[in-house]
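Now for the letters of each chain:
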Amino acid sequence: EPNPPAPPRMECSVRFVHAFEGGQAVDIWLDGDKIVSNATYKSVSAYDAKIKAGNRFVRLVPAGSSDTSQAVYRRLVSFRSFMKMTAVFFDGDGDWALLLTQERFTYADEWTALGDSSSVKLINVNSSANPIKLVKETASGPTVVGPVGIFTLSPYTPVIQGAYKFFIVTATGDEMKSLDFPLEPKKRYSFIVVGTLASPEVLTLVDDPV
């Protein structure tokens, strides 16, 4: 009797964020394949639904080069099956570093649990080394998320849908950045704080596709 075929390897959906302000443009390689070309500062790739789960070798190679031995970053990264994930590459004290986040199970219907609310997550890769908070209404207004330490992230926090004036502030209350942002019902958002204390910027990402 012939052996039955092996089941296909489980997959996950991953997007990649270049959040290294001083970092060069790079191509992103997964094992032996280039999956993202010419990623530049603040660029965000679409979710790639064809990534095989498991331990994968990730390399960042100078954009346009086919010589992967010149990679500026190389690491074995574990991608979990059936997940939506975001891989944030940032300035880890002058060198490339990776923060891998998890959005949701791709097979789970979680929309009804949100009701009329949204959910927000704060990711701190700002190189100022200060814990930060997301507050609303004014710079001294109520805290929505945080404090979040350097190179870490918060869990999702439910927020009623609507148009908000948000502020990114330090844990001591110093304003870093403000943004007007409408939260739509049944959606998740990640606010990624990049740059430096002198020039902070916020990347706003929708974590679940419409």
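Each value, and the rule that gives it
- Residues numbered from 1 in each chain as written.
- Predicted model: local features only at pLDDT ≥ 70, side-chain atom pairs only at ≥ 80, totals over all residues.
- Heavy atoms only, no water.
- Helix = DSSP H or I, 4+ residues; strand = E, 2+ residues; numbered from the N terminus.
- Buried < 20%, exposed > 50% of the residue type's maximum accessible area, 1.4 Å probe, protein only.
- Polar contact = N/O pair within 3.5 Å; in protein donor to acceptor, adjacent residues only side chain to side chain.
- Pairing = 2+ DSSP bridges.
- Axes fitted to C-alpha atoms, helices over the stretch in contact; angles between N-to-C directions.
- Core = buried A, V, L, I, M, F, W, Y, C linked by side-chain atoms within 4.5 Å.
- Contact = heavy atoms within 4.5 Å.
- Salt bridge = Lys/Arg side-chain N within 4 Å of Asp/Glu carboxyl O.

With that settled, the discussion passes to the side chain of T86. Topologically, T86 is positioned in strand β7 (residues 83–91). A relative accessible area of 2% places T86 in the buried class. Polar contacts involving the side chain of T86 include one to the side chain of E103, which spans 2.7 Å.

Before going further, it helps to examine the sheet that holds strand β2 (residues 26–30). Strands sit in the order β3-β2-β5-β6 across an open sheet of four strands; the sheet is antiparallel. Sheet topology places β3 (33–39) and β6 (73–79) at the edges, where each strand pairs with a single neighbour. Adjacent strand axes in the sheet meet at a mean angle of 25°, parallel and antiparallel pairs treated alike.

Turning our attention to the nonpolar core. Core analysis: the largest hydrophobic core is formed by 21 residues, its most contacted members being V14, F16, F79 and F89. Going through the elements one at a time, β1 (11–19), β2, β3, β5 (54–62), β6, β7 and β8 (96–105) are the ones with two or more residues in this core. The element best represented in this core is β7, accounting for four residues.

All right, on to the environment of I35 then. Turning to its location among the elements, I35 is positioned in strand β3. Sequence separation between I35 and F16 is 19 residues, and the spatial gap between their C-alpha atoms is 10.0 Å. With residues up to four places along the chain from it excluded, the contact list for I35 reads F16, I28, L30, D48 and I51.

Turning next to the side chain of R15. Along the polypeptide, R15 turns up in strand β1. At 3.5 Å, the side chain of R15 forms a polar contact with the side chain of Y47. Sequence-distant contacts of R15, defined by excluding residues within four places in its chain, comprise V44, S45, A46, Y47, M85, T86, A87, E103, S190, L205, V206 and D207.

Here we come to the pattern of salt bridges. Taken as a whole and assessed by the stated rule, the structure comprises eight salt bridges. The residue R15 makes a salt bridge to D207 at a minimum N-O spacing of 2.3 Å. With a gap of 192 residues between them, R15 in strand β1 and D207 in the segment after β17 (200–206) connect regions that are remote in the sequence. For the residue pair R15 and D207, the accessibility class agrees, reading buried in each case. Measuring nitrogen to oxygen at the nearest pair gives 3.2 Å for the salt bridge that ties E184 to K187. Its relative accessible area of 40% is what places E184 among the partly exposed residues. Using a relative accessible area of 11% as the deciding quantity, one classes K187 as buried.

Burial runs high along β7: eight of the nine residues are buried. By the bridge criterion, seven bridges tie β1 to β7 in an arrangement that is parallel. Following the sheet pairing, F16 is matched in β7 by A87.

With antiparallel pairing, four strands are arranged side by side in an open sheet as β11-β10-β14-β15. Only two strands of the sheet have a single neighbouring strand rather than two, namely β11 (143–148) and β15 (175–183). On average, each strand axis in the sheet is inclined to that of its neighbour by 20°, with strand direction left out of account. As judged from the eight bridges shared by strand β14 (residues 162–170) and β15, these two strands associate in the antiparallel manner. Bridging across to β15, F166 finds its partner in L179.

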